[in-house]
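# Residue-level structure breakdown
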Amino acid sequence: MDNKIKNTILYLLTNENYAKLADLNHHNTKRLTHIINVTVASINFAKALHIKVDENALIKGCLLHDFFLYDKYACPKHKIHAFYHAKVAVENAEKYFGINKIETDMILKHMFPLCLGIPKYKETWIITLTDKYCAIAEKFAHKDETNQIKRNIRKVIRNGINERRKVQEAFI
């Protein structure tokens, strides 16, 4: 994990509300673990595809995308949680840390297409993909097919990178 991510996590953890994420569940892991997985996957994805991003916004937006302070499984609205938790996360991120327009878009729209609105920034599209990848891997982490799912997703990404390189080389 790179130092920018570590330093941002350490900064966010100074907030007692953010630190509570370490105890809240997210599928078969803790929410803070999920958030860190998404952040690392997003940075790696952008680097692997040579996508120029606002790295600070990508890191902060990823680290705040699930910043809601309730147990979604104990919530009466559990079945529709996917549709409204992003708004709660934005409110918390603004209240405790302040966020810019890219980070706001990332948090509000990371559940696309379940949310209203289409992602506006590259960073938002990246978190939309990596959040789903990480959630799937975490959900099935206790099952043997998890490794196969990860291999298949990596293969798709690798093939996409190779295809992009071929196209780039054709124009050079």
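What counts as what
Residues numbered from 1 in each chain as written. Predicted model: local features only at pLDDT ≥ 70, side-chain atom pairs only at ≥ 80, totals over all residues. Heavy atoms only, no water. Core = buried A, V, L, I, M, F, W, Y, C linked by side-chain atoms within 4.5 Å. Buried < 20%, exposed > 50% of the residue type's maximum accessible area, 1.4 Å probe, protein only. Helix = DSSP H or I, 4+ residues; strand = E, 2+ residues; numbered from the N terminus. Contact = heavy atoms within 4.5 Å. Expected span 1.5 Å × (residues − 1). Phe/Tyr/Trp six-rings, centres within 6.5 Å; stacked < 30°, edge-to-face > 60°. Lys NZ or Arg CZ within 6 Å of the ring centre and 35° of its normal.

### Re the nonpolar core
Of all hydrophobic cores here, the largest spans 34 residues; its most connected members are Tyr18, Leu21, Leu58, Leu63, Leu64, Phe67 and Ile107. Elements supplying a minimum of two residues to this core: helix 1 (3-13), helix 3 (31-48), helix 4 (55-64), helix 5 (81-96), helix 6 (101-109) and helix 7 (122-139). Take this core: its biggest share by element is eight residues, from helix 3. For Phe67, the residues in contact, after removing those within four places along its chain, are Asn17, Tyr18, Leu21, Val88, Ala89, Asn92, Ala93, Tyr96 and Phe97.

### Notes on the environment of Gly117
Mapping Gly117 onto the fold places it in the loop between helix 6 and helix 7. Overall, Gly117 belongs to the partly exposed group, its relative accessible area being 37%. Here Gly117 is in contact with Lys109 and Phe112, once residues within four sequence places are set aside.

### Notes on helix 3
Spanning 18 residues, helix 3 covers 25 Å between terminal C-alpha atoms, matching the ideal 26 Å at 1.5 Å per step. Taken residue by residue, helix 3 has Arg31, Leu32, His34, Ile35, Ile36, Val38, Thr39, Ala41, Ser42, Ile43, Phe45 and Ala46 as its buried positions. Backbone geometry just downstream of helix 3 places His50 in the positive-phi region, at approximately 55°.

### Details of unusual backbone geometry
Between Phe112 and the following residue, Pro113, the backbone shows a cis peptide bond with an omega angle of 15°. Residues other than glycine seldom take positive phi values, yet His50 does so here, at roughly 55°. In this structure, His50 sits in the loop between helix 3 and helix 4. The exposure class of His50 is exposed, given its relative accessible area of 53%.

### Considering the packing of aromatic side chains
All chains considered together, the criterion is met by six aromatic pairs. For the pair Phe112 and Trp125, a centre-to-centre distance of 5.3 Å together with 75° between the ring planes defines the contact as edge-to-face. Here Trp125 lies in helix 7 and Phe112 lies in the loop between helix 6 and helix 7, a separation of 13 residues in the sequence. One aromatic cluster is present, built from ring pairs that chain together Tyr11, Tyr18, Phe67, Tyr96 and Phe97. The residue whose ring lies beneath Arg31 is Phe68, and the NZ or CZ to ring-centre distance is 3.6 Å.

Honestly, that's just the spatial picture; any functional story needs more than this.
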